[in-house]
Amino acid sequence: MKLLIIEDSQSLLRSLGTGLRKMGYAVDLVADGAEGLNFARHNDYDVIVLDLMLPSMDGLTVLQRLRALGKQTHILILSAKDQVEDRIRGLRFGADDYMVKPFSFDELCARIQTLVRRRYGEKNPAIALGGLELNTAARVLSRDGQHLGLTPAEYRLFERLALSRGCVLSKEQLIDALHDSDSCPGPNVIEVLICTLRKKLGDDGGESLIKTRRGYGYCIE
Amino acid sequence: MKSARPPRSIRRQLTIQILAGALVMLLVAGAIFLGVIHRQLLGDLDRMLEAEADTLARNAERKGGLIVWDVPDTYSAGARQNADPAYCQLFLEDGAVVGLSQTLGTDDLPRLEKRPHAAWNARLPDGRHGRLVQKIFHPAADDTEQQIAGEDPREQTFALPATIDQASLQLVLVVARSREPLDALLDSLYLAGGAVAVALSCALAWLVRRAITRGLRPIEEINAQIAAIAPDALGTRLHIPAPPIELAAIESTVNRLLDRVEAAFEKERRFSSDLAHELRTPIAELRAACEIGARWPDDPESTRQFFEDTRTIALQLEKIVATLFALSRFEEGKLPLKTQRIPLQALVRECWQHAAGGAEEKRLRFDEGLPPGLTVESDADQLEIVLRNLVDNAVAHSAPGTVVECGGGATPDGVELRLVNSAHDLEHADLAHVFDRFWRKEASRTDRRHAGLGLSIARTLCEVLGLDLRVELSEGRRFEARIFFPTVRREPALSIS
C-alpha cells in the first residue's frame, strides 16, 4: 500500500514517514503543496494525507485540482484547523476523511486502513484466503492463529495481492505499490519477495496460493 | 437593612411628572375659571339688589316731619309665599326702624355700622342664606300738601323725632334676597367643573401615557435590537427607521461601538485561532514523535531523530511562551525605563550585525544612510529590542539579493528613522494585520523561526516608549517601517509602574 503525506512540518513529516513505513506502508513525503500535487498527479497512491496550510499551494487547492483532474485517490485531511466549517469545507471539496492535529498515530493508521479497505471494496479487515487469515487492521498474516512472521515488505506484497485478488498485478505495479518514489528497488526484488513469501506460506512443493502468470505478473485467485 | 431601590423607569417618571404638572395647571385654571364665574354671578346679584335698593331709596321721601316710603308689591305679605321673597328695611342712622317690608313680618334685617355701601352674606329671617345690600342716602323732600295716611296701603310713614336735623337726614336701607338659587347654580357649576376635571385628567393621563409610549418606542426598538445581537453575530448593526434626532445620535454611537467591539472580537478570535494553530502543530509533532518513538524503540537512528525533533519543538514553544510573556509584561507596564541619549547610527548597525547571518544567507545588502551624530532620547535596551525586531523582520521577508535601506534624520518635531525592505508578496490590505500577533503572510507557518510576533513586540514597546511606529507599502512593493521620536516626549500609551 502506498501513501503520500503532504505536510509542511518537517518534524511531523519525518515521524509519520518513519511510523507508517514501520506499519508496512510505502510512503512518499512532500512538504510543499505544489510539489504534492505533482506527486499525486503522476503516481497511484492508495491514500493521500494532506495538510491544509501549505507553502506555495494550500491543501484545499491541491484537493480541488486533484478532483478536477479526475483523481479518485482517497484523501485524508490532517490539519490544525479544528472548526466545524473547516471540516465541512474540506469534506465538501472532496476529501474522504478529516483529522485534527494533534492526533493519535493509531487513529491515523486506523483511518488510513479504512480508506485502503474502501478503495478495494473490503468491509471486513479480516480476509480469509484458504487456510490463511489476513488481518489488515493488525497487519498480520496467520494460519490457525499462528502468525507467519512476514517482514513489512512481504506483508505489503501479500496484502496488495490479497486485496486485488482475482486480478493479475505486473511487477511494475507491485514495485510501485511497495516502494517509495525515491527508492530504486533492484529488478529481481519482486521475485525474491514472492519466493520468500511462498516459503513462509508453505507452498514449496504443492500448488501455491500466489499464482505466476508468465509474461503478466502475479495474482491470488 | 436598606432595601434596594427599584430601578427608575423613564416612562413612569415622565408620566408622573407630566401628569402632575398638567393636573396642577388644570386645577389652577379650573379654580380661576370657576372663581371668575362665581364672582360674576355674585356681582350680578349684588347689582340687582343695588338696583332694587336705588328704587326703594327713590321711593322714600321726607314730607314735613314724616318719612313716607312706598314699598312695592314684591315686598308685600303675599310675596312671602314666593320661592324667592325679597326683603327690605329702612333705618335711621341711629338704628331706629323707619319701615320694613311685609315679607319680614316681625323680624329685622341686620345692618352694618359705619358702612355707607356694602354687600354681604347673612342668614335671612326665614333661616335661609341670604345676600344683603346696604345703601345710605338722603331722602328726597316733598313739600306738597297731600293726604298721606290711608291712601296707599303700600306706603309706610314714619314720624321723625323732633331732634333730628331733617336737612341732613340720612337713611340706611338694607335690601336682601335669598342666595340659595345662586348657591345652587354655583354648586352645579363646581360639580360640572369637577366632573370635567376628572374626565380631562383621565383623558390627559391616557394621552400622556400614549405619547410617552410612542415616544419611547424607538428606545424599546433599540433595546430589542441590541438584545438580539448574538455573540456570533457581531456584524449586526442597529437600524431604526426614521429615528428622532436624539436617538439617531445614540444609534450612531452604538453602531460605532459595535464596530469597535466587532474589530476587537475579530482580533481576539484571530489571535486565539492563531495561537491555537501555533500550538496545535508543535503538539502534534511532539505527540507523533513520542507515540512512534515509543512503539519502535529499537531503532536507534529514529529514536535519536525523535529526541532531536522533540528538543527543537520544545525550544520553539519556549520561545513563543517567552515572547508572549514579554508582550504581556510590556502591556502591563511592568517595565523599568532608563532614558538616555542614544546614538542612532551605532544602535542600528549593532542590530544589523545581529541579523547579519540571515542577511548573508539571502545575499541582502544593507544601505545605511543615517546622519552621523544623530541621537535620540529613549531607553537603550528597549529601543534595541524594537530595532532588532524591525531589522529581523526586514531580513526575514526581503527577497534574496535585494537591499534593506535605513535612513532618517531630524525633523522640526523630532527625529525620524526609516527601515525599508522588499516585500514582493505583501498587499496593502495586509498592512492592517502586520502588527497582529502570530500574523504571517503565508498561512502555512512553515518557517518556524518566526512566530509572527516581532512587529507586535516592536509596536507595543514603541507605545511604552512614547514613540510612533507606522508602516506603509510604497512603490515597487517596498515595506517601509517608520519610527518617529518626538522632541517633546509623549506620555507612554501604557502606564509604567
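Rules behind the numbers
Residues numbered from 1 in each chain as written. Chains lettered and ligands numbered in written order. Predicted model: local features only at pLDDT ≥ 70, side-chain atom pairs only at ≥ 80, totals over all residues. Helix = DSSP H or I, 4+ residues; strand = E, 2+ residues; numbered from the N terminus. Buried ≥ 20, exposed ≤ 12 C-beta atoms within 10 Å, placed from the backbone. Contact = placed C-beta atoms within 7 Å. Nonpolar A, V, L, I, M, F, W, Y, C, P; charged D, E, K, R; others polar. Core = buried A, V, L, I, M, F, W, Y, C linked by C-beta atoms within 7 Å. Pairing = 2+ DSSP bridges. Axes fitted to C-alpha atoms, helices over the stretch in contact; angles between N-to-C directions. pLDDT = per-residue confidence, 0-100. Parallel < 35°, antiparallel > 145°, perpendicular 65-115°, else oblique. Arc of directions from axis to C-beta. Left-handed = near helix turned anticlockwise from the far one by under 90°.

> Before we go on, may I ask you to explain the overall build of chain B in this structure?
Looking only at helices and strands, chain B has eight helices and 16 strands in total. Counting across all 497 residues of chain B, residues that qualify as buried make up 25%. Sequence separation of 24 or more characterises 71% of the internal contacts of chain B that already satisfy a separation of 6 or more.

> Before we go on, may I ask you to explain the overall build of chain A in this structure?
Counting its secondary structure elements, chain A contains eight helices and 11 strands. Buried residues in chain A amount to 42% of all 221 residues. Excluding contacts between residues fewer than 6 apart, the proportion of contacts in chain A whose partners are at least 24 apart in sequence is 56%.

> I'm lost on the interface of chain A and chain B in this one. Help?
It is common to report an interface's size as the accessible area lost on association of the parts. Listed as interface residues are 19 residues of chain A and, on the opposing side, 23 residues of chain B. Per element, the largest residue contribution to the side of chain A that touches chain B is eight residues, and it comes from helix H1 (residues 10–22) of chain A. Each residue belonging to the side of chain A that touches chain B can be placed in one class, and the counts come to nine nonpolar, five polar and five charged.

> Explain the nonpolar core to me, please; I cannot follow it from the model alone.
Of all hydrophobic cores here, the largest spans 66 residues; its most connected members are Leu3, Ile5, Val47, Ile48, Leu50 and Leu76 of chain A. Ignoring sequence-local partners within four residues, the contact set of Leu50 of chain A consists of Ile6, Gly59, Val62, Leu63, Ile75, Leu76, Ile77 and Leu78 of chain A. By size, the runner-up hydrophobic cluster in this structure holds 42 residues, among which are Ala355, Ala359, Leu370 and Ile483 of chain B.

> What's the story with the sheet that holds strand S4 (residues 74–79) of chain A in this structure? I'm lost.
Strand pairing within a sheet occurs via backbone hydrogen bonds; the two strands may be parallel or antiparallel. All names here are of chain A. Pairing is parallel across the open sheet formed by five strands, whose spatial order is S2-S1-S3-S4-S5. The sheet terminates laterally at strand S2 (26–30) and strand S5 (97–100), the two strands that pair on one side only. Strand-to-strand twist across the sheet, computed as the mean angle between neighbouring axes with direction ignored, equals 20°. With four bridges connecting them, strand S1 (residues 2–6) and strand S3 (residues 47–50) associate as parallel partners. If you follow Ile5 over to S3, its bridge partner there is Val49.

> Any chance you could explain the confidence of the model for chain B here in plain terms?
One rule of thumb: low pLDDT means the predicted coordinates there are not for detailed reading. Residue and element names in this part refer to chain B. On average, residues of chain B carry a pLDDT of 83, and 91% of them reach 70 or more. Mean pLDDT values for the elements of chain B range from 80 in helix H4 (residues 300–332) up to 92 in strand S6 (residues 129–137). This model gives residues 493–497 a pLDDT under 50, and the stretch forms 11 contacts once residues within four places in sequence are excluded. Our summary of model confidence lists the complex with pTM equal to 0.55 and ipTM equal to 0.80.

> Just to check I follow, could you spell out the packing of helix H6 (residues 152–163) of chain A against helix H8 (residues 189–201) of chain A for this structure?
In helix packing, the relevant descriptors are the interaxial angle and the interaxial distance, both defined with respect to the helix axes. Residue and element names in this part refer to chain A. The contact between H6 and H8 brings their axes to 10 Å, and the two run at 90°. The orientation of H6 relative to H8 falls into the category roughly perpendicular. Between H6 and H8, the contacting residues are Ala153, Glu154, Leu157 and Phe158 on the first element and Leu193, Thr196 and Leu197 on the second. Of the residues that constitute the contact of H6 with H8, the class distribution is five nonpolar, one polar and one charged.

> Explanation requested: the pairing of strand S14 (residues 414–422) of chain B in the structure shown.
Where a strand is regular, its side chains alternate between the two sheet faces. Residue and element names in this part refer to chain B. Bridge count for strand S13 (residues 403–411) against S14 is seven bridges, and the pairing is antiparallel. Within the sheet, the bridge partner assigned to Gly409 lies in S14 and is Glu416. Hairpin geometry of S13 and S14 is characterised by an intervening segment of two residues between the two adjacent antiparallel strands. In the sheet, S14 pairs with strand S16 (residues 478–486) via nine bridges, with the strands oriented antiparallel. Within S16, the position partnered with Leu417 by the bridge is Ile483.

> What am I meant to see in helix H5 (residues 344–354) of chain B here?
Count 3.6 residues to each turn of an α-helix, and residues three or four apart come out pointing the same way. Considered for burial, the residues of H5 of chain B that qualify are Leu344, Leu347, Val348, Cys351 and Trp352 of chain B. Each buried residue of H5 of chain B sits inside an arc of 140° when the element is viewed along its axis, so together they form one side.

> What exactly am I supposed to notice about the sheet that holds strand S5 (residues 117–123) of chain B here?
Residue and element names in this part refer to chain B. An order of S4-S3-S9-S6-S5 is seen for the five strands of this open sheet, with the pairing classed as antiparallel. If you trace the sheet from one side to the other, it starts and ends with strand S4 (97–100) and S5, each paired once. Within this sheet the neighbouring strands show an average axis-to-axis angle of 20°, counted without direction. Two strands pair when backbone bridges link them, and S5 and S6 are joined in this way by seven bridges, in the antiparallel orientation. When the bridges of S6 are listed, Asn121 appears paired with Arg131. Sheet strands in contact with helix H1 (residues 10–58) are strand S3 (86–92), S5, S6 and strand S9 (171–178), and its direction is about 45° off that of S6.

> What should I look at first to understand the pairing of S9 of chain B in this one?
All names here are of chain B. In terms of burial, S9 is a largely internal element, eight of the eight residues being buried. The two faces of S9 match: Leu171, Leu173, Val175 and Arg177 on one face and Val172, Val174, Ala176 and Ser178 on the other face are all buried. Two strands pair when backbone bridges link them, and S3 and S9 are joined in this way by seven bridges, in the antiparallel orientation. Bridge pairing links Leu90 to Leu173 in S9. Across eight bridges, the pairing between S6 and S9 is antiparallel. Bridge assignment links Ile136 to a residue of S9, and that residue is Val172.

> When you look at the environment of Arg256 of chain B in this model, what are you seeing that I'm missing?
Residues and elements named next belong to chain B. Along the polypeptide, Arg256 turns up in helix H3 (residues 245–295). Accessibility expressed as a C-beta count within 10 Å gives 11 for Arg256, which makes it exposed. Along the chain, Arg256 and Arg237 lie 19 residues apart, while their C-alpha atoms are 9.0 Å from each other.

> Got a minute to help me understand unusual backbone geometry in this structure?
The omega angle of the peptide bond from Lys101 of chain A to Pro102 of chain A is -5°, so this bond is cis rather than trans. When you line up the elements, Pro102 of chain A lands in the loop between S5 and helix H5 (105–119). For Arg363 of chain B, which is not a glycine, the phi torsion comes out positive at approximately 55°. Inspection of the secondary structure assignment puts Arg363 of chain B in the loop between helix H6 (356–361) and strand S11 (365–368). Since 10 C-beta atoms lie within 10 Å of it, Arg363 of chain B is described here as exposed.

> Looking at this model, I keep getting lost on the environment of Gln72 of chain A. Mind explaining?
All names here are of chain A. Structurally, Gln72 is set in the loop between helix H3 (59–68) and S4. Taking the number of C-beta atoms within 10 Å as the measure of exposure, Gln72 has 10 and is therefore exposed. Taking the C-alpha atoms as reference, Gln72 lies 9.7 Å from Tyr45; in sequence the two are 27 residues apart.

> Looking at this model, I keep getting lost on the packing of helix H2 (residues 33–42) of chain A against H3 of chain A. Mind explaining?
All names here are of chain A. For the pair H2 and H3, the least separation of the axes is 9 Å and the interaxial angle reads 25°. Overall, the two elements H2 and H3 adopt an arrangement that is roughly parallel. The interaxial crossing formed by H2 with H3 has right-handed handedness. Here Gly33, Gly36, Leu37 and Ala40 of H2 lie close against H3, whose contacting residues are Gly59, Thr61, Val62, Arg65 and Leu66. For the contact of H2 with H3, the per-class residue count stands at four nonpolar, four polar and one charged.

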